[in-house]
Amino acid sequence: MSMDAITAVSQAEAEAKATVAAAEAKAKQMVAAAENAGKLAVDAAVVKADSEIQELRRQAEEQAKALAEELSVEAAKKKAALRADAQAKLEKAAALVVERIVNS
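All values derive from a computational prediction rather than experimental measurement.

Basis of the calculations
- Residues numbered from 1 in each chain as written.
- Predicted model: local features only at pLDDT ≥ 70, side-chain atom pairs only at ≥ 80, totals over all residues.
- Heavy atoms only, no water.
- Helix = DSSP H or I, 4+ residues; strand = E, 2+ residues; numbered from the N terminus.
- Rg over C-alpha atoms; globule rule 2.2 N^0.38 Å.
- Buried < 20%, exposed > 50% of the residue type's maximum accessible area, 1.4 Å probe, protein only.
- Areas by Shrake-Rupley, 256 points an atom, 1.4 Å probe, with all protein chains shown as cover.
- Salt bridge = Lys/Arg side-chain N within 4 Å of Asp/Glu carboxyl O.

Chemist: I'm lost on the overall build of the protein in this one. Help?
Modeler: Scanning the protein from terminus to terminus reveals one helix and zero strands. Relative to the compact-globule value of 13 Å for 104 residues, the protein shows a C-alpha radius of gyration of 44 Å, a clear excess of over 25%. Once the C-alpha set of the protein is aligned to its principal axes, its extents read approximately 150 × 15 × 10 Å. For the protein, the proportion of its 104 residues judged to be buried stands at 0%. As displayed, the protein has an accessible area near 9300 Å², and 63% of this comes from carbon and sulfur atoms.

What follows is the structure, given as structure tokens:
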């Protein structure tokens, strides 16, 4: 082989090694960038999920508070109705007792 051919082969081998090294470095960069992007996406999803959970919790508390208020109003109405009914029955019973005492 001539000296020119040996030099050309050596140069081609060096270029191939440099190309492989550059490709490996580029691949490592791409993997690191993808991992970083994945971590950022996960972090963003966690923040979004936390925000949604807080909003859902707030809505649930508001609904529970409104329902509790409705139940309280309804219970107060039933209490007043029962009290009025009991008062009416008490008055009738008292009148009946007085009537029996007077008629005795």
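That shown, we press on.
Chemist: Got a minute to help me understand the pattern of salt bridges in this structure?
Modeler: Pairing is possible between side chains of opposite charge, provided their charged atoms come close. Throughout the structure, instances matching the rule amount to four salt bridges. Residues K78 and E74 are paired through a salt bridge, measuring 3.6 Å at the closest nitrogen-oxygen approach. Of the two residues, K78 and E74 both sit in helix α1 (residues 3-103), four residues apart, roughly one turn of that helix. Residues K89 and D85 are paired through a salt bridge, measuring 3.5 Å at the closest nitrogen-oxygen approach. Residue K89 and its partner D85 are both found in helix α1; the two are separated by four residues, about one turn of the helix. Among the residues examined, D85 registers a relative accessible area of 38% and is labelled partly exposed. Each of E55, R58 and E62 takes part in a single network of salt bridges with overlapping partners.

Chemist: What exactly am I supposed to notice about the environment of E99 here?
Modeler: Inspection of the secondary structure assignment puts E99 in helix α1. For E99, a relative accessible area of 46% translates into the label partly exposed. Taking the C-alpha atoms as reference, E99 lies 52 Å from A64; in sequence the two are 35 residues apart.

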